[in-house]
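# Observations on chain architecture
Listed below are the residues making up each chain.
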Amino acid sequence: MKNLKFICSLSLLRNRYAVVLSLIMVSICARGECGGISPSSQGLIQGARWLDIEGEHINAHGGCVLFHDGKYYWFGEQRPLAPGMGQEGVNCYSSNDLTTWIPEGLALTVSETPGCDIERGCIIERPKVVYNKNTGKFVMWFHLELKGKGYGAARYGVAVSDTPVGPFTFLSSGRVNPKQYPLNLSEGLRNGNDETGVYQDWSPEWIEAVTKGLFVNRDFNEGQMSRDMTLFVDDDGKAYHIYSSEENLTLHIAELSDDYLSHTGKYIRVAPAGHNEAPMVMKADGKYWMVTSGCTGWKPNEARLFMSDSLMGEWEQLPNPCVGPKSEITFGGQGNFIFMDPVSGKHIAMFDIWNPECLGDSRHIWLPVTFEKGRPGIHWRQYWSF
Ligand code: GAL
């Protein structure tokens, strides 16, 4: 496995000088001077490899942390460690203290059955797992792209398990809420027609049309697109699916059924034509806060902050919550989840520093969310411990 990491780093190199530099780095790593850091002994060092108890970099990206019965479970995308390798599914790690992580293996595994929605070769991104108190089941939602279709399918996927570590059983995938209009799209704008050909992409008229539901109407019959996503369970036990829709131009918040396995048909649009991805949501001081990124693929950009008094209500945009060096590019990362740690009482924001050449070697940034003057801030710290 370690050799794969070296192969992977080498694939990044584009010229002779870089090769020489890489060989020096590899020999330093081999002497154990920069290979990786176990969070348990060193605290969190942002951007270093975070090692599990077997000494491997934690391969869980775009994911989430779930606290259940006194234990933490970290779920995330299992990503290839070398060019040409495919994705195996969703990895799970468990911990008693957020620092020592035990690899629990794949919680959800891609299928070997041809034609299955999660057939090997599909793309599974941003998995989120929640526990349903009424059914006693663990429910996983994720962004699914079908094998061989690039990012065109834009579906959600749902899987379920009796235990947090899985194995999760894949249930279904699809577009969101076919034949349902968002609650906050006015009657006069609901026509169910595809008028996308009428406008020049990115012209002022097109942007106005997007704001007025151009893609909601286009996708009315098939269901709304669903890419980058998160889940949020409110204090009353109701769960919500928050996702980048309408060609990544507009966020949607869709209510889930009581068993968390499907949508209820109720959803709203947030920041139409605002181009938001990577949503993560938390509740504090009776308000709902959402941090998102812009849309620049694997490249980092400036985070955005939104606030609302109710999940399905009006959301107001506020300035970038990140503070410190490289705060204008989210410290080089992209958000994936904010979890409330019941032990410390802190909200902890999780980010990925994506390495598109070797996604399995993407690094982690975790930072506490602090409140000043009633607003959340995420301050850079190179090092901190729980
Ligand atoms: C990012 C997104 C990632 C992944 C990537 C693909 O913007 O947040 O989850 O989809 O694009 O380019």
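Above this note sits the structure.
The rules we used
- In every chain, residue numbers begin from 1 and rise along the written sequence.
- Side-chain atom pairs in this predicted model are given and counted only at pLDDT of 80 or more, local residue features only at pLDDT of at least 70, and totals for whole chains, interfaces and linings cover all residues.
- As a rule here, side-chain values come from all non-hydrogen atoms in the structure, and water together with hydrogens is ignored.
- Any residue with a heavy atom positioned within 4 Å of a molecule or strand is treated as near that molecule or strand.
- Two N or O atoms form a polar contact when they lie within 3.5 Å of each other; inside protein one atom must be a possible hydrogen donor and the other a possible acceptor, and for residues adjacent in sequence the pair counts only when both atoms belong to side chains.
- Each accessible area value is a Shrake-Rupley result obtained with a 1.4 Å probe; residue values ignore everything except the protein chains displayed when judging cover.
- When residues are grouped by polarity, Ala, Val, Leu, Ile, Met, Phe, Trp, Tyr, Cys and Pro land in nonpolar, Asp, Glu, Lys and Arg in charged, and all others, Gly among them, in polar.
- Only when DSSP finds a minimum of two bridges between them are two strands counted as paired.
- A run of H or I in DSSP counts as a helix once it spans at least four residues, and a run of E counts as a strand once it spans at least two, with each numbered from the N terminus.
- Fitted lines through C-alpha atoms give the axes, limited to the stretch in contact for helices. The angle between two N-to-C directions lies from 0 to 180 degrees.
- Exposure classes here rest on a 1.4 Å probe applied to the protein chains alone. A residue is buried below 20% of its type maximum, exposed above 50%, and partly exposed in between.
- We call two residues in contact whenever any of their non-hydrogen atoms come within 4.5 Å of each other.
- Two kinds of site are reported from a 1 Å grid over the protein atoms alone, namely cavities, where a 1.4 Å probe fits but cannot get out, and pockets, open sets with protein on both sides within 12 Å along at least five of seven lines, and residues are called lining when an atom falls within 4 Å of a point.
- Grid points are joined across faces, edges and corners, and a volume is the space filled by probe spheres set on the points.

## Thoughts on the site of the ligand
Near the ligand the following residues occur: Glu125, Arg126, Tyr151, Asp228, Glu277, Gly297, Trp298 and Gln334. Glu125 places a polar side-chain atom, nitrogen or oxygen, 2.6 Å from an oxygen atom of the ligand. Take Gln334: an N or O atom from its side chain is 3.0 Å from an oxygen atom of the ligand. Considered on its own, the ligand offers 300 Å² of accessible surface; in the complex 89% of this is hidden by protein. Of the residues assigned to the shell around the ligand, the class counts are 2 nonpolar, 2 polar and 4 charged.

## What about the sheet that holds strand β21 (residues 363-372)?
The sheet built from 5 strands is open, its strands ordered β18-β22-β21-β20-β19 with mixed pairing. Sheet topology places β18 (322-323) and β19 (334-341) at the edges, where each strand pairs with a single neighbour. By the bridge criterion, 4 bridges tie β21 to strand β22 (residues 375-379) in an arrangement that is antiparallel. Across the sheet, Glu372 pairs through a bridge with Arg375, a residue of β22.

## Observations regarding the sheet that holds strand β14 (residues 277-284)
Sheet architecture is open: 4 strands sit in the order β14-β15-β16-β17, paired in antiparallel fashion. Each edge of the open sheet is held by one strand with a lone partner, namely β14 and β17 (316-318). Taking the axes of each pair of neighbouring strands and ignoring which way they run, one obtains an average angle of 25° across the sheet. In the sheet, strand β15 (residues 287-293) pairs with strand β16 (residues 304-308) via 5 bridges, with the strands oriented antiparallel. Counterpart to Thr292 in the pairing with β16 is Arg304.

## Description of unusual backbone geometry
Each neighbour pair has its own omega, and for Gly166 with Pro167 the value is 5°, a cis peptide bond. Mapping Pro167 onto the fold places it in the loop between β8 (155-161) and β9 (169-174). Here the phi dihedral of Ala154 falls at roughly 50°; this positive angle occurs in a residue that is not glycine. Relative to the elements of secondary structure, Ala154 occurs in the loop between β7 (137-145) and β8.

## Thoughts on the environment of His241
Locating His241 in the fold gives a position in strand β11 (residues 239-245). Take His241: its relative accessible area is 0%, and that puts it in the buried class. Dropping the residues within four chain positions of it, His241 is found in contact with Trp141, Tyr156, Val176, Ser226, Met229, Thr230, Leu231, His252, Ile253, Ala254, Leu256 and His263. For His241, the side chain forms a polar contact with the side chain of His263, separated by 2.9 Å.

## Regarding the layout of surface pockets
Its boundaries defined by the atoms lining it, the largest pocket holds a volume of some 920 Å³. Sorting the residues of the lining of the largest pocket by element identifies β2 (61-68), β6 (123-132), β10 (229-233), β14 and β19 as the ones contributing at least two each. Of the residues contributing to the lining of the largest pocket, the split by class is 19 nonpolar, 6 polar and 8 charged.

## Quick notes on empty space enclosed by the protein
Under the defined criterion, the tally for this structure stands at 2 cavities of 30 Å³ or more. Considered as a void within the structure, the largest cavity measures approximately 50 Å³ in volume. Contributing to the lining of the largest cavity are Ala278, Met280, Val291, Thr292, Ser293, Ala303, Thr330, Gly333, Gln334, Gly335 and Phe351. Contributing elements (two or more residues each) for the lining of the largest cavity: β14, β15 and β19. Per-element accounting of the lining of the largest cavity gives the leading share, 3 residues, to β15.

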